[in-house]
Amino acid sequence: MTKADNGLEKRIKTEAETLATFQEEIPSMYFSHLGEKEYKDYNTKAKKIYRDHFKFPSKMFDGADLIDFGAGTGENTVYLANWGAKCTLIEMNKLAQDVSKKVFSKFTNNPDDHNFVLSSIFDYEPETKKLYDIVHCRGVLSHTAAKEQAFEKISTYVKPGGYLIFGDPNKAGGFQNMLQRYAVYSYASTPDEMVDVSELLFKEDIDRSEKTIPRTRRAIIFDRWVIQSQDDPSVQEVVSWVEKSGLRMYSSFPPVLPQTMGDSLHHQPRFDPFSLHELFTVTELAWMTQTVSDADMLTPMSKNLRTVTSDFEKITGYVENLNASSKIDTDEFCDLSRNLRNSVGEIDPIKSLRDKLTVFMLEAENFVRVVKEGDLKNVRKFIEGTAHLFRGACGNRHVDFIAYKPDDADL
């Protein structure tokens, strides 16, 4: 068997396994099993996410031709339709697609203007190679056996000047999820056993997820631990796929680059910060060890910067609006400069991350040892005693990227 044949066989096998798992428990039912209020709440949150985080406001969808690969139940597509997009939904799970048709019928005024195609990403071969203003694919490619090839295929449907909105779990952000999966599979072999072990070991994580998005507990467990293909890409992988596909990065959320860039729009030559792949590691270290919200993490950091903020404001204020009649007292200026140098010298921007990572990795090492010992109760007891591992969010589980295909004006 050739390498290509082996890859095709693996892809087909993984598709069949994924389909069977998600037919037993559909993971993308967020409001369809609830009501109108839940849809309106979900839509409001989505508008804020696209506008404030993706930098892609809802008016960008008005009049757009959009194709959504792996559309599931349509619950992450229907609000795009209501923002003005004409949608084509590609989904290989007929049970999920049946839900999506009901969702569009219930929550849109024009359900007949949208197309529903029962197909996997790899099998989708339309008669006409139509290109789209927006290609949408979120939370899908990690469940395939050929994520790069899948990305390459969906990107071919972006028209020049169009956008790709792609989201998936992150390799580093899913580090804790992988350790959770290791524990579940060490003590369970059937879906029902996996549900029981997950509830025992990771009840708090499921509770938190259930409060965030009102899916059923069983759907959460199937989506996180029962599903066998969970091959999450790194930021570097996604950025390289974007480049190979002839696209350019537009935005991401959470931001993948440390926010220390300073080139103005007049700077020449233009520099692409996404070319420095090593910078992604700092961000992904934070995602891997994430346990608390940004507010809980950044508020103490902000308080620790009060002295340097005061010294910074004093020296910049001392020379602000300087003109021909202004004077600088050398001693006073040097005193202000010295104060700023001293206060900045006390800052270590990654100290908290470094300290946390040290404890976190030791806990990860010990967790693997405890799981291997084979006593499920001891695993639960160990989890109850950790400082960081499996606390709070248990890592950043999802990252979104928006890229665009250059048109003639961009070249």
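Up top you'll find the structure we're talking about.
Computed from a prediction, not measured in an experiment: that's the story for all the values here.

Criteria and thresholds
Residues numbered from 1 in each chain as written. Predicted model: local features only at pLDDT ≥ 70, side-chain atom pairs only at ≥ 80, totals over all residues. Heavy atoms only, no water. Pairing = 2+ DSSP bridges. Helix = DSSP H or I, 4+ residues; strand = E, 2+ residues; numbered from the N terminus. Axes fitted to C-alpha atoms, helices over the stretch in contact; angles between N-to-C directions. Contact = heavy atoms within 4.5 Å. Polar contact = N/O pair within 3.5 Å; in protein donor to acceptor, adjacent residues only side chain to side chain. Parallel < 35°, antiparallel > 145°, perpendicular 65-115°, else oblique. Nonpolar A, V, L, I, M, F, W, Y, C, P; charged D, E, K, R; others polar. Core = buried A, V, L, I, M, F, W, Y, C linked by side-chain atoms within 4.5 Å. Buried < 20%, exposed > 50% of the residue type's maximum accessible area, 1.4 Å probe, protein only. Salt bridge = Lys/Arg side-chain N within 4 Å of Asp/Glu carboxyl O.

Some thoughts on the sheet that holds strand E1 (residues 65–69)
Logical step 1: Ordered by their spatial adjacency, 7 strands build an open sheet running E3-E2-E1-E4-E5-E7-E6, and the pairing between neighbours is mixed. A strand with exactly one partner marks an edge of an open sheet, and here the two such strands are strand E3 (115–118) and strand E6 (248–253). Pairs of neighbouring strands in the sheet enclose a mean axial angle of 15°, with direction left out of account.
Logical step 2: Across 4 bridges, strand E2 (residues 86–91) lies against E3 in parallel orientation. Of the residues in E3, the one forming a bridge with glutamate 91 is leucine 118.
Logical step 3: On the sheet, helix H4 (residues 94–107) packs against E2 and E3 and is oriented at approximately 175° with respect to E3.

Things to note about the side chain of asparagine 170
Logical step 1: Note on placement: asparagine 170 falls in the loop between strand E5 (158–168) and helix H6 (175–187).
Logical step 2: Looking at asparagine 170, its side chain comes within polar contact range of the main-chain nitrogen of glycine 173, at 2.8 Å.
Logical step 3: Beyond its immediate chain neighbours, meaning those up to four positions away, asparagine 170 contacts Asp232, Pro233, Ser234, Val235, Glu284, Trp287, Arg397 and Val399.

Concerning the packing of helix H7 (residues 191–201) against helix H8 (residues 203–212)
Geometry of a packed helix pair, given as the angle between the helix axes and the separation of the axes.
Logical step 1: It is at 5 Å that the axes of H7 and H8 come closest, and there the two elements cross at 95°. With respect to H8, the axis of H7 lies roughly perpendicular. Every residue of H8 that contacts H7 at Ser198, Glu199 and Leu201 is listed here: Lys203, Glu204 and Ile206.
Logical step 2: Here the residues of the contact of H7 with H8 sort into 2 nonpolar, 1 polar and 3 charged.

So, the nonpolar core
Logical step 1: Formed by 34 residues in total, the largest nonpolar core has its most connected members in Phe69, Val135, Leu141 and Val256.
Logical step 2: Elements supplying a minimum of two residues to this core: E1, strand E4 (132–138), helix H5 (147–155), E5, helix H10 (235–244), helix H11 (280–288) and strand E7 (399–404).
Logical step 3: By residue number, the principal contributor to this core is H10, which donates 5 residues.
Logical step 4: Discounting chain neighbours no more than four positions away, the residues touching valine 256 are Val235, Phe274, Phe280, Thr283, Trp287, Val399 and Phe401.

Section: helix H9 (residues 217–226)
Logical step 1: With respect to burial, H9 is a largely interior element, 7 of its 10 residues being buried.
Logical step 2: All of the buried residues along H9 are Ala219, Ile220, Ile221, Phe222, Arg224, Trp225 and Val226.

Remarks on the environment of alanine 403
Logical step 1: In this structure, alanine 403 sits in strand E7.
Logical step 2: Not counting chain neighbours up to four residues away, the residues in contact with alanine 403 comprise Gly162, Tyr163, Leu164, Val242, Leu247, Arg248, Met249 and Tyr250.

Describing the pattern of salt bridges
Logical step 1: Counting across every chain of the model gives 30 salt bridges.
Logical step 2: Arginine 380 serves as the salt-bridge partner of glutamate 384, at 3.0 Å between the closest nitrogen and oxygen. You can see glutamate 384 and its partner arginine 380 sitting in helix H16 (residues 376–384), 4 residues apart, about one turn around the helix.
Logical step 3: Given a relative accessible area of 49%, glutamate 384 falls into the partly exposed group.
Logical step 4: A relative accessible area of 14% places arginine 380 in the buried class.
Logical step 5: By sharing partners, the salt bridges in this structure join Glu199, Lys203, Asp207, Glu210 and Arg217 into a single network.

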